[in-house]
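Survey of secondary and tertiary structure
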Amino acid sequence: MPDAPSPAPAPLDRSAFTADVVSVARALIGTTLLVDGVGGVVVETEAYDPTDPASHSFAGPTPRNAPMFGPVGHAYVYRSYGLHWCLNLVCDAARPGSAVLIRAIAPTEGIEIMRARRGLEAPRLLCAGPGRLAQALGVTGAMTGLPLDAPPFRLLPRTEAEPAIAVGPRIGLTRGVATPWRFGLAGSPYLSRPLR
């Protein structure tokens with residue numbers, strides 16, 4: 001008699017986001033992020049907290065950044081340069097105003113949907129960068145404030161132990177440029193930019 005298939009892992013719940021922002025940013029590498037069933041393995045993140053001059057929360061709460069000061073385990077979605085949506089995951093119960101930007105994933109689910117949304121074929125370019133990722137996954141501003149443990153989101157734990165994680169400065173900033181709060185799956189071809 002064949003072995004029964006292993007049960008699917010339970011999705012992460014909001015308790016996964018209570019830790020400090022750097023710990024959460026690292027812990028997200030290797031998890032699987034799905035939006036309406038489309039997505040893949042998280043390979044690159046950036047951390048931001050309210051003491052960080054590069055963070056949207058640095059000057060305090062505003063209507064735009066309100067989700068960052070709300071409960072952990074919710075989405076904060078904003079438009080970058082008026083062009084691209086960016087998906088952040090609110091965390092750090094002890095320090096409201098903290099969130100992790102999802103910079104890149106390795107696409108595994110719904111690749112044809114992603115290709116149609118992005119208008120290109122190359123898997124490596126579908127989700128390499130926060131704007132590309134949001135477009136490929138169908139993320140919009142209507143999702144800001146939504147809980148990450150309910151549809152359309154589904155976040156699955158790593159299937160293996162902690163992977164090798166590369167660390168470096170964040171990208172595209174004018175403040176806080178030296179802070180080493182960018183994390184990536186070492187050697188992944190799906191990063192938005194290489195990490196040494």
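Please refer to the structure higher up on the page.
A few points on the structure. As the structure is a prediction and not an experimental result, all values here were calculated from the model.

Definitions and limits used
- The written sequence of each chain sets the order in which its residues are numbered from 1.
- It should be noted that, the model being predicted, local features are given only for residues of pLDDT at least 70 and side-chain atom pairs only at 80 or more, the latter also being counted only at that level, while totals for whole chains, interfaces and linings use all residues.
- Based on all heavy atoms of the structure, the side-chain values leave hydrogens and waters out of the count.
- When the centres of two rings from Phe, Tyr and Trp lie within 6.5 Å, Trp using its six-membered ring, the rings pair. Their planes under 30 degrees apart give stacked, over 60 give edge-to-face, and anything left gives tilted.
- Burial classes: relative accessible area under 20% of the type maximum marks a residue as buried, over 50% as exposed, and values in between as partly exposed (1.4 Å probe, protein chains only).
- Working definition of a nonpolar core: buried Ala, Val, Leu, Ile, Met, Phe, Trp, Tyr and Cys residues. They are joined through side-chain atoms within 4.5 Å.
- Segments assigned H or I by DSSP are reported as helices when at least four residues long, segments assigned E as strands when at least two residues long, and all are numbered from the N terminus.
- We call two residues in contact when some of their heavy atoms are within 4.5 Å.
- Under this definition, polar contacts are N or O atom pairs within 3.5 Å; protein pairs additionally need one hydrogen-donor-capable and one acceptor-capable atom, and for neighbouring residues in sequence, both atoms have to be side-chain atoms.

All chains considered together, the criterion is met by 1 aromatic pair. Pairing Tyr-76 with Tyr-78 gives two aromatic rings, centres 5.5 Å apart and planes at 35 degrees, and the pair type is tilted. Judged by its relative accessible area of 1%, Tyr-76 falls in the buried class.

So, on to the nonpolar core. Among the nonpolar cores identified, the biggest contains 35 residues, and Phe-17, Ile-102 and Leu-137 are the most heavily contacted of them. Elements with a contribution of two residues or more to this core: helix H1 (21-27), strand E1 (32-35), strand E2 (38-48), strand E3 (75-80), strand E4 (84-91), strand E5 (98-109), helix H4 (130-137) and strand E6 (153-156). If you tally residues by element for this core, the top one is H4, at 4 residues. If sequence neighbours within four positions are ignored, Phe-17 has contacts with Val-24, Leu-28, Val-72, Gly-73, Leu-89, Val-90, Cys-91, Asp-92, Ala-93, Leu-148 and Leu-155.

Let's shift gears to the environment of Arg-26. With respect to the element layout, Arg-26 can be found in helix H1. When its relative accessible area of 29% is taken as the criterion, Arg-26 is described as partly exposed. In sequence terms Arg-26 and Ile-165 are 139 residues apart; their C-alpha atoms lie 7.6 Å from each other. With residues near it in sequence (within four places) discarded, Arg-26 still touches Arg-158, Glu-162, Ile-165, Val-167 and Phe-183.

Attention shifts here to the environment of Ser-98. Residue position: Ser-98 is located in strand E5. Residue classification places Ser-98 among the buried residues on the basis of a relative accessible area of 0%. Residues Ser-98 and Val-43, 55 residues apart in the sequence, show an inter-C-alpha distance of 20 Å. Once residues within four sequence positions are removed from consideration, Ser-98 is found in contact with Val-21, Tyr-48, Asp-49, Pro-50, Met-68, Leu-89, Val-90, Cys-91 and Asp-92. A polar side-chain atom of Ser-98 sits 2.8 Å from the main-chain carbonyl oxygen of Arg-95.

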